[in-house]
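A look at the structure
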Amino acid sequence: MRLQKKYQRNRDLSRACVKCYDIWIMDIIIHPDELFLKGANQRLFYNQLIENLKQLFKHIKVERVESGLWLTNAREEDLERLAKIPGIANFAIGERGRNRVEEIERLVEKSIEYYVLSIKEKKKISFRITTTRSYKNHPLTSKQLDNEIGNFVRQKYGWQVDLKNYVLNIHLNISKDNIIVYSNLIEGAGGLPTSVSGKMLCLLSGGIDSPVAAYKMMTRGAEIGLIHFQNQTLIT
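About the criteria used
- Residues numbered from 1 in each chain as written.
- Predicted model: local features only at pLDDT ≥ 70, side-chain atom pairs only at ≥ 80, totals over all residues.
- Heavy atoms only, no water.
- pLDDT = per-residue confidence, 0-100.
- Contact = heavy atoms within 4.5 Å.
- Helix = DSSP H or I, 4+ residues; strand = E, 2+ residues; numbered from the N terminus.
- Phe/Tyr/Trp six-rings, centres within 6.5 Å; stacked < 30°, edge-to-face > 60°.
- Lys NZ or Arg CZ within 6 Å of the ring centre and 35° of its normal.
- Buried < 20%, exposed > 50% of the residue type's maximum accessible area, 1.4 Å probe, protein only.
- Polar contact = N/O pair within 3.5 Å; in protein donor to acceptor, adjacent residues only side chain to side chain.
- Core = buried A, V, L, I, M, F, W, Y, C linked by side-chain atoms within 4.5 Å.
- Expected span 1.5 Å × (residues − 1).
- Arc of directions from axis to C-beta.

1. Some thoughts on the confidence of the model for the protein chain
Chain-level statistics for the protein chain give a pLDDT mean of 85 and a share of 89% at 70 or above. Per-residue pLDDT stays below 50 along residues 7-21; that stretch engages in 19 contacts with residues further than four places along the chain or on separate chains.

2. Some thoughts on unusual backbone geometry
In this structure, Asn73 is a non-glycine residue whose phi angle is positive, near 70°. Locating Asn73 in the fold gives a position in strand β4 (residues 68-75). At Asn184, a residue that is not glycine, the phi angle is positive and equals roughly 45°. Looking at the secondary structure, you find Asn184 in the loop between β9 (178-183) and β10 (186-187).

3. Focus: the packing of aromatic side chains
A full pass over the atoms with the stated rule returns 2 aromatic pairs. Ring-pair connections join several aromatic residues into one group, and the members of that group are Phe127, Tyr157 and Trp159. The residue whose ring lies beneath Arg64 is Tyr46, and the NZ or CZ to ring-centre distance is 3.6 Å. Directly above the ring of Tyr157 sits Lys156, whose terminal nitrogen or CZ lies 6.0 Å from the centroid.

4. Describing the side chain of Asn52
Mapped onto the elements, Asn52 comes out in helix α1 (residues 42-56). Residue class for Asn52 comes out buried when judged on its relative accessible area of 14%. With residues up to four places along the chain from it excluded, the contact list for Asn52 reads Pro193 and Thr194.

5. Examining the environment of Val167
Looking at the secondary structure, you find Val167 in the loop between β7 (160-161) and β8 (168-174). Overall, Val167 belongs to the partly exposed group, its relative accessible area being 43%.

6. Remarks on the environment of Asn173
By the element assignment, Asn173 lies in strand β8. Sequence separation between Asn173 and Ser142 is 31 residues; the distance between their C-alpha atoms is 9.8 Å. Setting aside residues up to four positions removed in sequence, Asn173 forms contacts with His31, Ser67, Thr132, Asn178, Ile179, Ile180 and Tyr182. Of note is the side chain of Asn173, whose polar atom sits 2.7 Å from the side chain of Thr132.

7. Some points on the nonpolar core
Core analysis: the biggest nonpolar cluster contains 25 residues, and Ile28, Ile30, Leu53, Leu71 and Leu82 have the highest contact counts within it. Of all the elements in the fold, those that place two or more residues in this core are β2 (18-32), α1, β4, α2 (78-82) and β5 (88-98). If one sorts the elements of this core by residue count, α1 sits on top with 5 residues. Filtering out sequence-adjacent residues up to four positions away, Leu71 remains in contact with Met26, Asp27, Ile28, Ile30, Leu53, Ile60, Lys61, Val62 and Leu82. In terms of nonpolar packing, the next biggest core, distinct from the first, is built from 20 residues, Tyr115, Ile149, Leu172 and Ile179 among them.

8. A short note on helix α4 (residues 142-157)
Compared with the 22 Å implied by 1.5 Å per residue over 16 residues, the 22 Å span of α4 between its first and last C-alpha is a close match. Of all the positions in α4, only Ser142, Leu145, Asp146, Ile149, Gly150, Phe152 and Val153 are classed as buried. Projected down its long axis, α4 carries its buried residues within an arc of 155°, all on one side. Summarising the geometry of α4, the exposed residues directed more than 90 degrees from the buried face are Lys143 and Gln155. The elements touched by buried residues of α4 are α3 (101-118), β6 (126-133) and β8. Following α4 by one or two positions, Gly158 adopts a phi angle in the positive range, close to 75°.

So this is what it looks like as structure tokens:
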């Protein structure tokens with residue numbers, strides 16, 4: 001995650017011609033929902049979700065990683081839209097680097113940085129470390145990494161460890177060469193990626209039931225076309 005200056009030309013020529021403001025550029029780890037249950041056709045579902053993301057976010061680069069999908073160059077305003085996309089179980093702002101203890105500490109600091117900036121009350125925070133390892137030959141076990149990084153955070157920030165009633169859950173995903181660090185997952189829409197289950201037509205009324213039904217079918221992989229009939233007599 002990094003801060004970037006953005007410049008926008010002001011249409012009001014009586015003021016400064018160019019306006020400068022800060023935007024957060026971030027990387028995001030996405031965990032798909034039901035795709036891990038698929039067999040030989042799993043790639044089809046992943047490719048459709050990747051295509052859907054590329055269509056919705058032209059500025060984002062998407063790649064498949066061991067634990068899901070990795071998005072590069074995302075913006076803060078993209079988070080709300082991501083939560084509504086079918087096929088995503090959850091996601092979080094992430095940091096990625098080499099699999100070394102000193103690198104893990106650096107990535108944890110960067111992950112905490114955004115969280116601290118996003119909260120209003122600057123107070124001591126209860127936290128926990130949750131480590132998962134797909135690479136079992138790592139010199140430290142998951143429990144040892146929990147203790148090592150937890151002690152690092154406790155000493156640096158003065159926060160209290162609480163494994164049950166925590167405010168911040170820092171996740172460490174350990175693979176053979178890389179590590180992904182993220183915290184406090186954001187819930188997604190779930191289900192399957194839109195367009196993997198064919199096309200359907202949905203009658204759209206003036207109430208709330210039909211659009212909800214259409215969205216529910218989208219989360220089951222259907223590409224929905226909406227039809228609305230206006231039954232109104234015109235008197236001339």
